[in-house]
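So you can see what is in the structure, the chains are spelled out below.
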Amino acid sequence: MTLWDIKASRVVFVSGRTTQQQSHQEEKNVTSSCWACSKGSKVAIGYDSGDIYLWAIPDIFSAENSSSSSNPNLPLQRLNLGYKLDKVPIISLRWVPSDGKSGRLYINGFSEHAYLYQVLILNEESESRIVKMVLPITEACQGMEFVTGLSDPNKQRQTVLVLLLKSGQICLYDDSEIERYLLQSQSRSPPTLPSHSFVKQPYGDSGINVAKFYTSDRTATANEDYFSTLASKYPWLLSMKDKGQISASLSNIHKTRNLYITGHMDGTISFWDASCPLLLQIFMIKQQHEDNTSSRARITSLQFDMSSSILISGDQGGTVRVITFKKDSSDNILSILQGKQGDNYDARSIKLKGAVTSTSMISNSKHFAVGTEKGIVSVIKVDDATILYQKQLECRVSGGIASLQFELYSHNGYDKDLLIVGMEDSSICILEEETGKLLNANPVQTNRPTRALLLQTLELSPNEAPGSDNHDTALRESLLLLCTEDAIRLFSLSHAIQVFVFPVISEVLFLCECCCSYGAFLCAGNEEDN
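Below is a summary of the structure that appears in this document. Keep in mind the model is a prediction, meaning the values are calculated, not measured. (Residues numbered from 1 in each chain as written. Predicted model: local features only at pLDDT ≥ 70, side-chain atom pairs only at ≥ 80, totals over all residues. Heavy atoms only, no water.)

**Remarks on the pairing of strand 5 (residues 52–56)**
Inference 1: Within strand 5, 4 of the 5 residues are buried, which leaves the element mostly enclosed by the surrounding structure.
Inference 2: Two strands pair when backbone bridges link them, and strand 4 (residues 42–47) and strand 5 are joined in this way by 5 bridges, in the antiparallel orientation. Residue pairing in the sheet places Ala 44 in a bridge with Leu 54 of strand 5.
Inference 3: Taking the residues that link successive antiparallel strands as the turn, the strand 4-strand 5 hairpin has 4 residues, and the phi of Gly 50 there is positive, at about 95°.
Inference 4: Here strand 5 runs beside strand 6 (residues 77–79); their pairing, made up of 3 bridges, is antiparallel. Within the sheet, the bridge partner assigned to Leu 54 lies in strand 6 and is Gln 77. (Buried < 20%, exposed > 50% of the residue type's maximum accessible area, 1.4 Å probe, protein only. Helix = DSSP H or I, 4+ residues; strand = E, 2+ residues; numbered from the N terminus. Pairing = 2+ DSSP bridges.)

**Structural notes on the sheet that holds strand 24 (residues 367–372)**
Inference 1: Strand order across the open sheet formed by 4 strands is 23-24-25-26, with antiparallel pairing between neighbours. Either end of the sheet is taken by a strand with one partner, and the two such strands are strand 23 (356–361) and strand 26 (387–392). Strand-to-strand twist across the sheet, computed as the mean angle between neighbouring axes with direction ignored, equals 15°.
Inference 2: Of the pairings in the sheet, the one linking strand 25 (residues 376–381) to strand 26 comprises 5 bridges and is antiparallel in character. The residue bridging Ser 378 from the neighbouring strand is Gln 390, located in strand 26. (Axes fitted to C-alpha atoms, helices over the stretch in contact; angles between N-to-C directions.)

**Quick word on the pairing of strand 3 (residues 30–35)**
Inference 1: Direction of pairing for strand 3 relative to strand 4: antiparallel, over a ladder of 5 bridges. Counted as the bridge partner of Ser 32 is Gly 46 from strand 4.

**Points about the nonpolar core**
Side chains of a nonpolar character, in soluble globular proteins, are inclined to be buried together.
Inference 1: In this structure, Tyr 106, Tyr 117, Leu 135, Leu 161, Leu 163, Tyr 173 and Ile 178 are the most contacted members of the largest nonpolar core, which totals 20 residues.
Inference 2: Only strand 9 (115–123), strand 10 (131–134), strand 11 (141–148), strand 12 (159–165), strand 13 (170–174) and helix 3 (175–185) provide two or more residues apiece to this core. (Core = buried A, V, L, I, M, F, W, Y, C linked by side-chain atoms within 4.5 Å.)

**A word on the pattern of salt bridges**
Inference 1: Summed over the entire model, instances satisfying the criterion amount to 11 salt bridges.
Inference 2: Residue Arg 104 is joined to Asp 175 by a salt bridge in which the shortest nitrogen-to-oxygen separation is 2.6 Å. Here Arg 104 is found in strand 8 (residues 102–110), whereas its partner Asp 175 is found in helix 3, with 71 residues between them in sequence.
Inference 3: Taking relative accessible area as the criterion, Arg 104 reaches 5% and is therefore assigned buried.
Inference 4: Across the pair Asp 315 and Arg 321 runs a salt bridge, and its minimum N-O distance is 3.2 Å. An identical accessibility class is assigned to Asp 315 and Arg 321; each is buried. (Salt bridge = Lys/Arg side-chain N within 4 Å of Asp/Glu carboxyl O.)

**As for helix 3**
Inference 1: The set of residues buried in helix 3 consists of Asp 175, Ile 178, Tyr 181 and Leu 182. One face of helix 3 carries all of its buried residues, which in axial projection span an arc of 120°. (Arc of directions from axis to C-beta.)

**Notes on the sheet that holds strand 28 (residues 414–423)**
Inference 1: Spatial ordering of the open sheet is given by 27-28-29, a layout of 3 strands whose pairing is antiparallel. With partners counted over all chains shown, the strands left at the sheet margins are strand 27 (401–411) and strand 29 (428–432), one partner each. Direction aside, neighbouring strands of the sheet carry axes that sit 30° apart on average.
Inference 2: Pairing between strand 28 and strand 29: 5 bridges, direction antiparallel. Counterpart to Ile 420 in the pairing with strand 29 is Ile 430.

Following this line, the structure appears as structure tokens:
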């Protein structure tokens, strides 16, 4: 342990340098440390062996005095709290002063096979009987922090111990209850264990399986008063007393500019006000079967058309739901989210074969497309949720439909509505939108099957003047962008329709084994995938 003079930027005291050699103990590494008194004369150090030592810290004058009688290589006290028995590393230590004579030391230790979180009272002036408690957490704690002021600002400030558990959950303890428990442990009255609560995290919820982001007007000016109102709600997200879901006020829904929709593992669909970085839930739809029983099938696909106020959802069980929101006279398209739960929308459903893997629709269209894990493409009418037609497509390996996209194809003054289908093995099939007729007898395929990550059409910018060179011809037409695990490829859409040989205009291969993430090169309309 080294003590530095910050102003002089030099070492003034070193201790513990030869302790291990003198005692012939096994080598151990420091994993955590913190002050252990309010005066700065004592420090607690945790080791990967499970040891916890309290070391004396002299003031600068005595540290520079070489005639000091204290032995700098011996700790003041060794704390035997059960960590060393199983060699549980001390991951973090925190000190909280109390009445000026004592304080509380928070100790977090965990390894792959064991974990233990304890709090104890330490007397600053002298050694005394250790009063401790074990927090009854059910899994390892990977981090801790103290946050003050989470309760009602009109009342006394509250200090909360925030624990990040191994599963990603956030556990909250009222620090005053921990202090009260330790003090009552020294009396004859039986103490009551401190209560705790868990925080639901809207941003990184492990229950979210699919999400979409929509905006009503990207050019609208920010409403600072509205943002300030949202930000003022932030402390309540970690409140120990208010365990209810934080929701945006429906009276302010007309101020909402961005909408975030999430589909969950338990079959629910949540709508969030994403007007500022703090997400606030507007409301949640719990999907039901026709017999009014709750459906807990995992949501696998979402598609929302803001102009027509229609939400398309598909789940793991193969059920597709068409949810139509009721409009009012408001100019804001997000006003559809006002009203009592269940009264502001109608829902129709249809059952398909296989889990839903992809959905697509055009704004204000009378039908939409659904792909399943069985390789079946279904085009369904919006008004009554009946099937217009179905098409079974073959896949080189086991897998289904990875992507669906409607496209208007123009060539030599001829327009045709297409449905472009991307398979999981990176094959691309092109169907006639109205009939489902396969327009390319031989699908566009990579040399070997590889998992598709993204299929997107690219259009030539209208501001770009047509070139006269022959090599610019391919760049002036619609292209198909295919991102797979090992490469990014560009195909000519016209060649994919008209001929049996499909030239790759450009190809970028990855040297790494797998491309784990991707981003959209072109964002059409007002929708973004997450």
